[in-house]
Amino acid sequence: MFSYRHAFHAGNHADVLKHITLLATLRHLMQKEAGITLIDTHAGAGLYRLDGDYSQKGAEAEDGLFKLLAAAEKVDALPEPVQDYLEQIASFNPSGQAKIYPGSPFLMHKLMRHASRDRLRLFELHPTDSKALMSNIAQLEAGRTVTVSREDGFEALKKLLPPPPSATGSKRAMVLIDPSYEIKSDYVKVANVVQEYLKRFSTGTYLVWYPVIPRPEAHELPRRLRTLANQAQKPWLNATLAIGRGPGDEGGLVASGMFVINPPFTLKDQIRQALDVVGPAVARGSGKNWAVESS
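Worth saying up front: this structure is predicted, and the values here are computed from it rather than measured.

Student: Can you walk me through unusual backbone geometry in this structure?
Tutor: The phi torsion of most residues other than glycine is negative, and most of the peptide bonds are trans. In this chain, L161 is followed by P162 through a cis amide linkage whose omega measures -5°. With respect to the helices, strands and loops of the structure, P162 is situated in the loop between helix 7 (153-160) and strand 6 (173-177). With a phi angle near 55°, Q233 is a residue other than glycine that sits in the positive phi range. Take Q233: it is sitting in the loop between helix 9 (216-231) and strand 8 (236-242).

Put into structure tokens, the structure is as follows:
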């Protein structure tokens, strides 16, 4: 169960979709002054080297971030979510070359507000990645505002939701759920967790990343999430990105989705505009498509 390492996939098309959606959601949530608890259930190592052995093995960033960077050079004005995403990546690469890729923990940390007392709670069960995450986060010297725990993020939510009230008394939280899904039971766990916490803390914003692959559990997950959101009478958004298969391409992930419950009202138009640029930039063959649907 510890075979998955996100370092092999950092900066790929799935990361592009996930992190553009994450940043656009966070930007809106942080327009309110009240503090917010940010939770990443499967945080990974936090930072990744795109010129390292892991990333170079599959060269997945070539069909993600690097294609988008090349396309961005030919566009006069990028949609705000895409521009924001690329600027965040650039902030970790002062040399001008994209060698470091920030995972979700570091992107969330970049947007945290000291005055509002935002909090970031990170969970990673993989022994090697958990150790790397702790080391990377330690460099931030963030104190108690960021905590890292080597434990099951699904179980850890029980301790965190509902979140403690902010200084203004409001309870606010955003949860990113993005397991590897290498274990089939992850699909059921994700749905069960969302169902439970929509009851415990119905006003939270929940972001779920999932792979689009020819497996019954994978096809069922977004349908199940849609049903749960509708039953809870909560708005939802589902964005998918498929890059298609290129000539001689035998395997590898070619499509994924982001399902957001209680999304910002601005998110639908923002992600549509973003995918109008990202989709053509990373597309490579038959089966390419991108879409955004919402309640």
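Student: Please explain the sheet that holds strand 7 (residues 205-211) as it appears in this structure.
Tutor: The pairing of strands in a sheet comes from backbone hydrogen bonds and takes either a parallel or an antiparallel form. With mixed pairing, the eight strands of this open sheet are ordered in space as 5-4-1-6-7-9-8-10. The outermost strands of the open sheet, each flanked by one partner alone, are strand 5 (146-149) and strand 10 (289-294). Direction aside, neighbouring strands of the sheet carry axes that sit 10° apart on average. Judged from the four bridges that link them, strand 4 (residues 119-123) and strand 5 form a sheet pairing that is parallel. Paired with F123 across the bridge in strand 5 is S149.

Student: Could you clarify how one ought to interpret the packing of helix 1 (residues 13-29) against helix 10 (residues 267-282) in this entry?
Tutor: The description of two packed helices rests on the angle between their axes and on the distance between the axes. Two numbers describe how helix 1 lies on helix 10: the axes approach to 10 Å, and their chain directions differ by 145°. Relative to helix 10, the crossing made by helix 1 is right-handed. Counting all contacts with helix 1, which are made through V16, L17, I20, T21, A24 and T25, the residues of helix 10 involved are L267, Q270, I271, A274, L275 and V278.

What counts and what doesn't
- Numbering of residues starts from 1 in each chain and follows the order in which that chain's sequence is written.
- Two thresholds apply to this predicted model, a pLDDT of at least 70 for residue-level local features and 80 or more for giving and counting side-chain atom pairs, whereas whole-chain, interface and lining totals are computed over all residues.
- The basis for every side-chain value is the complete set of heavy atoms in the structure, and neither hydrogens nor water enter the calculation.
- Numbered from the N terminus, helices here are DSSP runs of H or I no shorter than four residues, and strands are runs of E no shorter than two.
- Note: two strands are recorded as paired if DSSP finds a minimum of 2 bridges between them.
- Axes here mean lines fitted to C-alpha atoms, for a helix over just the part in contact, with angles spanning 0 to 180 degrees between N-to-C directions.
- For a crossing to be left-handed, the near helix must be turned anticlockwise from the far one by less than a right angle; the clockwise case is right-handed.
- Any two residues whose heavy atoms approach within 4.5 Å at even a single point are treated as in contact.

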